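# Fold and contact review
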Amino acid sequence: CTLPKWKSDPQSAANYFNAALPCLEAAWAPVMQRANLPYVRPKIVFPTGSVWSSGCGDVRADENVAAFYCPPDVALYMPFKGLYTERVGNKQGSYLAVFAHEFGHHIQSISGSLRAADQITYEAGADSPAGLEMSRRVELQADCLAGMWLAAAWNGKGSVTDQVVREALADMYTRGDDNTPSQPRDHGTKQHSGQW
């Protein structure tokens, strides 16, 4: 996987994620084919402004959303404002971890596991203990899929270097419900996110 150098501006970020997409596809498309499941390339959307509209509804930039996957759009939404570049700096592993996580949701979606989890959540109630547990399982599985890809891409021959993997891992240990105690417990703890 050969990626451009990370630069913290919207166009460079878009170039970076567009270059990362074929790297993720090279790993996951064969897995889907071996499972006799279709592979579909997702779109990458780079919304601007403070409200991002998608087939999944509207998201406000101030709602602590780094990025999101929208199944009806078959799209990874990577808003530059959500990347918190002023805090993260040039740690490309952090951005790659977020992108790989959202791509993990894409794999969940096209494999059917996301639809099955959504049905369980719907039947239990999204804010019920069982519904929140299913949401955490979906999010932690996306963390796992991201980690699997990072481990596979970390082969000493491309852009996914030891430093990039260290940055990605450190970033995963910063994401979780611990950061937003007043919000529903729907993503898992920082510890669980990093471990997965």
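Below: a short report on this structure. (Residues numbered from 1 in each chain as written. Predicted model: local features only at pLDDT ≥ 70, side-chain atom pairs only at ≥ 80, totals over all residues. Heavy atoms only, no water.)

The next thing to look at is the overall build of the protein. Tallying secondary structure elements over the protein gives seven helices and five strands in all. Across the protein, helices and strands are ordered from the amino to the carboxyl terminus as α-β-β-β-β-β-α-α-α-α-α-α. Projected onto its principal axes, the C-alpha positions of the protein cover 45 × 40 × 30 Å. Relative to its 196 residues, the protein shows a buried fraction of 47%. Here the analysis covers contacts within the protein between residues at least 6 apart in sequence; of these, 58% occur between residues at least 24 apart. (Helix = DSSP H or I, 4+ residues; strand = E, 2+ residues; numbered from the N terminus. Buried < 20%, exposed > 50% of the residue type's maximum accessible area, 1.4 Å probe, protein only. Contact = heavy atoms within 4.5 Å.)

Here the focus is the side chain of glutamine 108. Relative to the assigned elements, glutamine 108 resides in helix H3 (residues 92-111). When residues no more than four places from it in sequence are discounted, the contact partners of glutamine 108 are Ser113, Leu114, Val138, Gln141, Ala142 and Leu145.

Counted at 1.5 Å a residue, the expected span for helix H1 (residues 10-34) with its 25 residues is 36 Å, and the 36 Å between its end C-alpha atoms agrees. At glutamate 25, H1 is bent by approximately 35°, the largest bend along its length. Where H1 begins, the capping side chain belongs to aspartate 9, and its oxygen is found 3.2 Å from the backbone nitrogen of glutamine 11. In the segment just after H1, asparagine 36 is the residue with positive phi, at about 55°. (Expected span 1.5 Å × (residues − 1). Bend = angle between axes of the 7 residues up to and from the residue. Polar contact = N/O pair within 3.5 Å; in protein donor to acceptor, adjacent residues only side chain to side chain.)

All right, on to the nonpolar core then. Grouped together as the largest cluster of nonpolar side chains are 38 residues, with contacts concentrated most on Phe17, Met78, Leu96, Phe99, Trp149 and Val160. Of all the secondary-structure elements, those providing two or more residues to this core are H1, H3, helix H5 (129-153) and helix H6 (162-172). If near-sequence neighbours (up to four positions away) are discounted, valine 160 is found in contact with Cys1, Leu96, Trp149, Leu150, Ala153, Trp154, Asn155 and Val165. (Core = buried A, V, L, I, M, F, W, Y, C linked by side-chain atoms within 4.5 Å.)

Per the stated rule, a full pass over the model turns up two disulfides. Two residues share a disulfide in this structure: cysteine 1 and cysteine 23, whose sulfurs sit 2.1 Å from each other. Residues cysteine 1 and cysteine 23 are joined through a disulfide that is right-handed, its torsion about the S-S bond being 90°. On the criterion of sequence distance, the pair formed by cysteine 1 in the segment before H1 and cysteine 23 in helix H1 is long-range, its members being 22 residues apart. By relative accessible area, which is 15% here, cysteine 23 ends up buried. Between the sulfur of cysteine 56 and that of cysteine 70 lies a disulfide, 2.2 Å long from S to S. Taking the sign of the S-S torsion, 105° for the link of cysteine 56 and cysteine 70, the bridge is right-handed. Highlighted residues: cysteine 56 in the loop between strand S2 (51-54) and strand S3 (57-60) and cysteine 70 in strand S4 (residues 68-70), separated in sequence by 14 residues. (Disulfide = S-S within 2.5 Å.)

Burial along S2 is one-sided: the face carrying Trp52 and Ser54 is buried and the face carrying Val51 and Ser53 is not. Examined bridge by bridge, S2 and S3 share four bridges and lie antiparallel to one another. Pairing of tryptophan 52 across the sheet is with valine 59, part of S3. In sequence, S2 turns back onto S3 through a hairpin of two residues. (Pairing = 2+ DSSP bridges.)

Following the sequence through the fold, tyrosine 84 ends up in the loop between strand S5 (75-77) and helix H2 (85-88). When the C-alpha atoms of tyrosine 84 and proline 181 are compared, they prove to be 20 Å apart, with 97 residues separating the residues in sequence.

Let's shift gears to the sheet that holds S5. Strand-to-strand pairing in sheets goes through backbone hydrogen bonds, with the strands running parallel or antiparallel. One open sheet holds the three strands; their spatial order is S1-S5-S4, and the pairing between them is mixed. Among the strands making up the open sheet, the edge pair consists of strand S1 (43-45) and S4. Each neighbouring strand pair of the sheet contributes to a mean axis angle of 25°, computed without reference to strand direction. The pairing of S1 with S5 spans three bridges and is classified as parallel. Paired with isoleucine 44 across the strands is leucine 76, a residue of S5. (Axes fitted to C-alpha atoms, helices over the stretch in contact; angles between N-to-C directions.)

Moving on to the pattern of salt bridges. In total, this model carries two salt bridges according to the counting rule given. Note that arginine 137 is salt-bridged to glutamate 133, the shortest N-O span being 2.8 Å. Of this pair, arginine 137 and glutamate 133 are both found in helix H5, four residues apart, which corresponds to roughly one turn of the helix. (Salt bridge = Lys/Arg side-chain N within 4 Å of Asp/Glu carboxyl O.)

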